[in-house]
Amino acid sequence: MMGRMARSCLQSVLKLVNSVIGLAGMGMILYSLWMIRVWLKQIGSTDSNLPWFIITFLILGVFFCFVTCSGHIAAETVNGHCLSCYTVLVFLILILEAAVVADIFLNRSWEEDFPEDPTGKFDELKNFIKSNADMCEWVSISVVAAQAISIFLAIVLRALGPDPGNYYDSDDDLVPARLPLLRNQSQHASYSIDPNLSQQGVSWNIKINDKVNIFLIFRAASTVQGSRILPV
């Protein structure tokens, strides 16, 4: 009982922490859609290709939402394969984030590693992060912490495995276990004799024997009478 409650609690916590990743992904998708709208207004045409910065933000947002959906499925089913795939996906996100942060802090000319952004939104994002460094720092730490906790909880749930009580929620699952008992009962029933049937058989035999005896007596009497009549 305690194990089942602990497993249910871990599932709920994993879903809650996983929702933080989903919120980050939805924020990135909304921001990329807003940048697409502004970009189309600036150029006044829909035939031009979108800048890399907008496409990157959109793809990352969709990927974050996909990871969130897979995490909710894995937390609900407690399936080992789903939890393993979810752990790998979140770990890849952490590696990507660590690589970007390491490049920014260790490489002074990190801006040259990225292509030019004709929209200017990349520079606006940098200025916004610099002007709101404390808030962006807390948001980044929250997202990274949520990803690390998600990996830990997924590993713990995979070690615990699914709840074995889920396999016996339905009476249909217990039918195969009861079949041998039914077979034994049927075998015992095939060798048992109903007392009523035995009594009926005995009474039937008695009636037949009585009739046979009456017939024999009648036949013997007929024979005796015939033997007395012959000398006359």
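Residues numbered from 1 in each chain as written. Predicted model: local features only at pLDDT ≥ 70, side-chain atom pairs only at ≥ 80, totals over all residues. Heavy atoms only, no water.

- Looking at an unreviewed UniProt entry, the protein chain carries the name Tetraspanin family protein, with the source organism given as Rhynchospora pubera.
- Taken from UniProt, the Subcellular location (unreviewed entry) comment for the protein chain reads in full: "Membrane". (UniProt positions renumbered as here; feature names shortened; annotations may be inferred.)

A word on the overall build of the protein chain
Okay, so step 1: Looking only at helices and strands, the protein chain has 7 helices and 0 strands in total.
Okay, so step 2: A buried classification covers 24% of the 232 residues belonging to the protein chain.
Okay, so step 3: Long-range contacts, defined as pairs at least 24 residues apart, comprise 76% of the intrachain contacts of the protein chain with a sequence gap of at least 6.
Okay, so step 4: Carbon and sulfur atoms form 67% of the exposed surface of the protein chain, whose accessible area is close to 16,800 Å². (Helix = DSSP H or I, 4+ residues; strand = E, 2+ residues; numbered from the N terminus. Buried < 20%, exposed > 50% of the residue type's maximum accessible area, 1.4 Å probe, protein only. Contact = heavy atoms within 4.5 Å. Areas by Shrake-Rupley, 256 points an atom, 1.4 Å probe, with all protein chains shown as cover.)

Regarding helix α5 (residues 133–160)
Okay, so step 1: In this model α5 runs 40 Å from its N-terminal to its C-terminal C-alpha over 28 residues, within 8% of the 40 Å that 1.5 Å per residue would give.
Okay, so step 2: When α5 is considered as a whole, its buried residues turn out to be Cys 136, Val 143, Ala 146, Gln 147, Ser 150, Ile 151, Leu 153, Ala 154 and Leu 157.
Okay, so step 3: Positive backbone phi, approximately 85 degrees, marks Gly 161, located one or two places after α5. (Expected span 1.5 Å × (residues − 1).)

A short note on the UniProt feature "transmembrane region" (unreviewed entry) in the protein chain
Okay, so step 1: Within this numbering scheme, the UniProt entry marks residues 20–40, 52–74, 86–106 and 138–160 as carrying the feature "transmembrane region" (unreviewed entry).
Okay, so step 2: Overall, residues 138–160 shows 100% helix and 0% strand. The separation of its end C-alpha atoms is 32 Å.

A look at the pattern of salt bridges
Okay, so step 1: One pass over the full model with this rule turns up 1 salt bridge.
Okay, so step 2: A salt bridge links Glu 76 to Lys 15; the nearest nitrogen and oxygen atoms lie 2.3 Å apart. Residue Glu 76 is located in helix α2 (residues 52–77), and its partner Lys 15 is located in helix α1 (residues 2–43); the two are separated by 61 residues in the primary sequence. (Salt bridge = Lys/Arg side-chain N within 4 Å of Asp/Glu carboxyl O.)

Examining the confidence of the model for the protein chain
As a note on interpretation, predicted positions should not be read in detail where pLDDT is low.
Okay, so step 1: The predicted model of the protein chain has a mean per-residue pLDDT of 76, with 67% of residues at 70 or higher.
Okay, so step 2: For the protein chain, per-element mean pLDDT is lowest for helix α6 (residues 175–191), which scores 48, and highest for α2, which scores 90.
Okay, so step 3: Scored below 50 in pLDDT, residues 167–179 shows 4 contacts in the model against residues more than four places distant or in partner chains.
Okay, so step 4: Contacts for the low-pLDDT stretch residues 188–193, under 50 throughout, to residues beyond four places or in other chains number 1 contact. (pLDDT = per-residue confidence, 0-100.)

Brief notes about the nonpolar core
Side chains of a nonpolar character, in soluble globular proteins, are inclined to be buried together.
Okay, so step 1: If you look at the biggest cluster of nonpolar residues, it comprises 19 residues, and the most contacted ones within it are Leu 14, Phe 64, Val 67, Leu 83, Tyr 86, Val 90 and Leu 157.
Okay, so step 2: Every element with two or more residues in this core is listed here: α1, α2, α3 (80–106) and α5.
Okay, so step 3: Take this core: its biggest share by element is 6 residues, from α3.
Okay, so step 4: The residues touching Val 90, leaving out its near neighbours within four places in the chain, are Val 67, Gln 147 and Ile 151.
Okay, so step 5: Within the second largest apolar cluster, 10 residues are counted, among which are Ile 36, Trp 39, Phe 57 and Phe 122. (Core = buried A, V, L, I, M, F, W, Y, C linked by side-chain atoms within 4.5 Å.)

Some remarks on the packing of aromatic side chains
Okay, so step 1: By the definition in use, this model includes 4 aromatic pairs.
Okay, so step 2: Between the aromatic rings of Tyr 31 and Trp 34, the centroid separation amounts to 6.0 Å while the plane-to-plane angle is 25 degrees, which identifies the pairing as stacked. A residue pair is termed a helical-turn pair when its members lie 3 or 4 positions apart in one helix, as Tyr 31 and Trp 34 do in helix α1 at 3 residues.
Okay, so step 3: In this structure Tyr 31 comes out as partly exposed when scored by relative accessible area, which is 23%.
Okay, so step 4: Note on Tyr 31 and Phe 57: the rings are 5.4 Å apart at their centroids and 65 degrees apart in plane angle, and the pair reads as edge-to-face. Here the residue Tyr 31 occupies a position in helix α1, and Phe 57 occupies one in helix α2, the gap between them amounting to 26 residues.
Okay, so step 5: Taken together, Tyr 31, Trp 34, Trp 52, Phe 53 and Phe 57 form an aromatic cluster joined through their ring pairs. (Phe/Tyr/Trp six-rings, centres within 6.5 Å; stacked < 30°, edge-to-face > 60°.)

Here we look at the layout of surface pockets
Okay, so step 1: Within this model, the largest pocket holds a volume of roughly 1,800 Å³.
Okay, so step 2: Together, 41 residues line the largest pocket, and Phe 57, Val 100, Leu 125, Ile 129 and Ser 140 are the ones closest to its centre.
Okay, so step 3: Broken down by secondary-structure element, the contributors of at least two residues to the lining of the largest pocket are α1, α2, α3, α4 (121–131) and α5.
Okay, so step 4: The class makeup of the residues in the lining of the largest pocket is 32 nonpolar, 4 polar and 5 charged. (1 Å grid on protein atoms, 1.4 Å probe; cavity = no way out; pocket = protein on both sides within 12 Å on 5 of 7 lines; lining within 4 Å. Points joined across faces, edges and corners; volume = space filled by probe spheres on them. Nonpolar A, V, L, I, M, F, W, Y, C, P; charged D, E, K, R; others polar.)

Points about the side chain of Ser 150
Okay, so step 1: By the secondary structure assignment, Ser 150 is in helix α5.
Okay, so step 2: Residue class for Ser 150 comes out buried when judged on its relative accessible area of 0%.
Okay, so step 3: If near-sequence neighbours (up to four positions away) are discounted, Ser 150 is found in contact with Leu 14, Val 17, Asn 18, Ile 21 and Tyr 86.

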